[in-house]
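Spelled out, the chains give:
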Amino acid sequence: MRIFLDTANVEEIRHGTRWGVIGGVTTNPSLVAKEEGADFKQAILEICSLVDGPVCAEVLSGDADSMVDEARELASWAPNIVVKIPITPSGLEAASALARDNIKTNLTLCFSVNQALLSALAGASYVSPFVGRLDDVGQDGMSLVADIVEVFRRYQLPTQVVAASLRHPMHCLAAAKAGAHIATVPYKVLTQMVHHPLTDVGIQRFAEDWQKAFGLTVGLAGS
Ligand code: E4P
């Protein structure tokens, strides 16, 4: 499973990519709006320069023709841009037109297996089931991820499943076990994934033992 960062914050992406574990980035209009004062195109271009893999930028239009125009413009900004399109009848129409032009799409706001299946048939490169938002309304978001993975495998559909709207490290583990191709995580979740209290205690103990034996102070890692 690959890990993407779910943020439009360039600093978070700069930090996250230093670890060498980030395979791509997903943004959405709300995440972009949080970065007050940032120019959308400049921010996306900067993100594309930091990340080799896919960088997802979302369209805001509602009708298929405008979605296609917007998507073509976004895709012209950098070769690794993937256009996010909401799963609606117009979204499917736009995604299938873009697939014919070899423009990659990530069909977003997916809340059912049927929506995922239609996205795959329309030629989407990725589909994003929103786990946390389903959990929020009392449905099992991760079972949707597992069901989509199963259906795509059974029919050998090449669309990749992006487990999205992940809120904590357990979501990431569950996405990996469910067979998601990608988990897109907020920066906070990425940092939570690396930390373990026993790792910190272990580093401290190694340093203290070393100091007792050799009288040298060594750097305490763990930051
Ligand atoms: C994914 O592509 C979306 O940007 C994101 O995961 C939505 O997460 P949220 O439900 O926490 O807003």
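As the structure is a prediction and not an experimental result, all values here were calculated from the model. (Residues numbered from 1 in each chain as written. Predicted model: local features only at pLDDT ≥ 70, side-chain atom pairs only at ≥ 80, totals over all residues. Heavy atoms only, no water.)

Chemist: Give a description of the overall build of the chain that names residues and reports values.
Modeler: Regarding its fold elements, the chain presents 11 helices and 8 strands. For the chain, the spread of C-alpha atoms along the principal axes amounts to about 70 × 40 × 30 Å. Looking at the chain residue by residue over its 223 residues, the buried ones come to 44%. Excluding contacts between residues fewer than 6 apart, the proportion of contacts in the chain whose partners are at least 24 apart in sequence is 55%. A total accessible area of about 11,600 Å² is found for the chain, and carbon and sulfur atoms account for 54% of it. A distance of 7 Å separates the average location of the 17 positive side-chain charges in the chain from that of its 24 negative side-chain charges. (Helix = DSSP H or I, 4+ residues; strand = E, 2+ residues; numbered from the N terminus. Buried < 20%, exposed > 50% of the residue type's maximum accessible area, 1.4 Å probe, protein only. Contact = heavy atoms within 4.5 Å. Areas by Shrake-Rupley, 256 points an atom, 1.4 Å probe, with all protein chains shown as cover. Lys, Arg positive; Asp, Glu negative; His and termini not counted. Charge placed at Lys NZ, Arg CZ, Asp CG, Glu CD.)

Chemist: Provide a residue-level description of the environment of proline 186, including the pertinent values.
Modeler: Its location among the elements puts proline 186 in the loop between strand E8 (182-185) and helix H10 (187-194). Sequence-wise, proline 186 and phenylalanine 4 are 182 residues apart; in three dimensions their C-alpha atoms are separated by 8.7 Å. Here proline 186 is in contact with Leu5, Asp6 and Leu166, once residues within four sequence places are set aside.

Chemist: A description of the pairing of strand E7 (residues 160-163) should follow, citing residues and the corresponding values.
Modeler: Looking along a regular strand, one sees the side chains alternate between the two faces of the sheet. Both strand E6 (residues 126-129) and E7 contribute to a ladder of 2 bridges, which runs parallel. Bridging across to E7, valine 127 finds its partner in valine 161. With 2 bridges joining them, E7 and E8 adopt parallel strand pairing. Residue alanine 163 lies in a different strand from E8, and its bridge partner there is alanine 183. (Pairing = 2+ DSSP bridges.)

Chemist: Summarise the site of the ligand; cite the residues concerned and give the values.
Modeler: Neighbouring residues of the ligand: Asp6, Thr26, Asn28, Leu31, Lys84, Phe130, Arg133, Ala164, Ser165 and Arg167. Contacts to the ligand include asparagine 28, whose side-chain N or O atom sits 2.7 Å from an oxygen atom. Within the side chain of arginine 133, an N or O atom sits 2.6 Å from an oxygen atom of the ligand. For the ligand, whose accessible area on its own is 350 Å², the fraction buried by protein is 86%. Of the residues that constitute the shell around the ligand, the class distribution is 3 nonpolar, 3 polar and 4 charged. (Near = heavy atom within 4 Å. Polar contact = N/O pair within 3.5 Å; in protein donor to acceptor, adjacent residues only side chain to side chain. Nonpolar A, V, L, I, M, F, W, Y, C, P; charged D, E, K, R; others polar.)

Chemist: Help me get a handle on the nonpolar core, residues and values and all.
Modeler: In terms of nonpolar packing, the biggest core is built from 56 residues, with Ile85, Leu107, Val127, Val145, Ile148, Phe152 and Val185 touching the most fellow members. Among the elements that make up this core, the one with the highest residue count is helix H8 (residues 141-154) (6 residues). One finds Phe4, Cys56, Val82 and Ile182 within the second-largest nonpolar core, a separate group that totals 6 residues. (Core = buried A, V, L, I, M, F, W, Y, C linked by side-chain atoms within 4.5 Å.)

By themselves, these figures tell us nothing about what the structure is for.
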